[in-house]
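Spelled out, the chains give:
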Amino acid sequence: MAKTFTSAAQPCVGMAHEATVRGLGVGVSDDGPDTPVVLLDADGRVVPIFISADQAQSIDHALRGEPFKRPLTHDLFVEMVAEFGGAVDRVRVDGLAEGTFLAKIDAEQYVDGERRPATFDARPSDAIAVALRVDCSVIVADDVLDRAGRPPEEFETREEPGPGPERDRGED
């Protein structure tokens, strides 16, 4: 992933909206039926972002507050950032190109008492998984919301049954 150092956290182009993670679901994508999707609520609309099964599992564990016995990649990333004196400030879903969502992770590090902001390109699923672990803002650019946001009533929601013995808890 590319790392870009900046003199200040880069703002989203145009207006931006704070989002909440509504949850996970399944949808139909180019990959076929039952493709995992993370749903973001922002400004009264829902932005569906198709993700991999691994990313869905990581986001699910963060949403439920159920840590794996061994750290997942996102847990490791958060620990490493903190160990190196950094912190994640926010994540941004700030672009949509050819059907692919683009995201950034805005972070900072203090060196010799001086703040050094950094921005990292990221997949939205990674950025969201990190944001859930550090409890930072998820921001959706106005352009992304205009292009991909849907009315909430377009989504059928059902509660998933509680965890059962088949649920992967990362204990192997």
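Below you will find a few notes about this structure. (Residues numbered from 1 in each chain as written. Predicted model: local features only at pLDDT ≥ 70, side-chain atom pairs only at ≥ 80, totals over all residues. Heavy atoms only, no water.)

**Description of the overall build of the protein chain**
Across its full length, the protein chain carries four helices and eight strands. Reading the protein chain from its N end, one meets helices and strands in the order β-β-β-β-α-α-β-β-β-α-β-α. Expressed as a percentage of its 172 residues, the buried residues of the protein chain come to 41%. In the protein chain, the share of contacts with a sequence separation of at least 24, taken over all contacts with a separation of at least 6, comes to 57%. Roughly 10300 Å² of accessible area belongs to the protein chain as shown, and the carbon and sulfur atoms make up 50% of that amount. (Helix = DSSP H or I, 4+ residues; strand = E, 2+ residues; numbered from the N terminus. Buried < 20%, exposed > 50% of the residue type's maximum accessible area, 1.4 Å probe, protein only. Contact = heavy atoms within 4.5 Å. Areas by Shrake-Rupley, 256 points an atom, 1.4 Å probe, with all protein chains shown as cover.)

**Observations regarding a nonpolar patch on the surface**
A cluster of nonpolar residues, L76, M80 and F84, forms a patch on the protein surface that exposes about 320 Å² of accessible area. Topologically, L76 is positioned in helix α2 (residues 73–83). (Patch = residues over 30% accessible without salt bridge, like charges linked within 9 Å, V, L, I, M, F, W, Y side chains within 5 Å. Salt bridge = Lys/Arg side-chain N within 4 Å of Asp/Glu carboxyl O.)

**Considering the pattern of salt bridges**
Considering all chains together, one arrives at 14 salt bridges under this definition. Linking K104 and D121 is a salt bridge whose minimum nitrogen-to-oxygen distance equals 3.5 Å. Of this pair, K104 sits in strand β6 (residues 100–111) while D121 sits in strand β7 (residues 114–122), and the two are 17 residues apart along the sequence. For D121, a relative accessible area of 33% corresponds to the partly exposed category. For R115, the salt bridge is made with E108, and the minimal N-O distance between the two is 2.5 Å. For E108, a relative accessible area of 17% gives the class buried. Sharing partners across several salt bridges, the network here consists of R90, R92, D94, K104, D106 and D121.

**Re helix α3 (residues 124–134)**
Among the eleven residues in α3, eight count as buried, and that is most of the element. Every buried residue of α3 is listed here: P124, S125, D126, A127, I128, A129, V130 and A131. At the C-terminal side of α3, D135 shows a positive phi close to 55 degrees.

**Focus: the pairing of strand β8 (residues 137–141)**
Moving residue by residue along a regular strand, the side chains alternate between the two faces of the sheet. A large share of β8 lies buried, amounting to four of its five residues. Bridge count between strand β5 (residues 86–97) and β8: four bridges; the pairing is parallel. Directly across from R92, in β8, lies its bridge partner I139. (Pairing = 2+ DSSP bridges.)

**Focus on the nonpolar core**
One finds L40, V47, I49, V91, F101 and V140 to be the most contacted residues of the largest nonpolar core, which totals 31 residues. Considering every element that reaches this core, the biggest residue donor is α3, with five residues. Among residues more than four places away in sequence, those in contact with V91 are K104, I105, A127, A131, C136, S137, V138 and I139. (Core = buried A, V, L, I, M, F, W, Y, C linked by side-chain atoms within 4.5 Å.)

**Describing the packing of helix α1 (residues 53–64) against α3**
Across the interface, α1 lies against α3 with an axial gap of 9 Å and an inter-helix angle of 15 degrees. Between α1 and α3, the angle falls in the class roughly parallel. For the pair α1 and α3, the crossing hand works out as left-handed. Residues Q55, S58, I59, A62 and L63 of α1 pack against S125, D126, I128, A129, L132 and R133 of α3. (Axes fitted to C-alpha atoms, helices over the stretch in contact; angles between N-to-C directions. Parallel < 35°, antiparallel > 145°, perpendicular 65-115°, else oblique. Left-handed = near helix turned anticlockwise from the far one by under 90°.)

**Here we look at the packing of α2 against α3**
Contact geometry for α2 and α3: axes closest at 9 Å, N-to-C directions at 60 degrees. It follows from the interaxial angle that α2 and α3 lie oblique. Between α2 and α3 lies a crossing whose hand is right-handed. Residues H74, D75, F77 and V78 of α2 form the contact with α3, whose participating residues are D126, A129, V130, R133 and V134. Of the residues assigned to the contact of α2 with α3, the class counts are five nonpolar, one polar and three charged. (Nonpolar A, V, L, I, M, F, W, Y, C, P; charged D, E, K, R; others polar.)

Everything listed here is a matter of geometry and, on its own, says nothing about what the molecule does.
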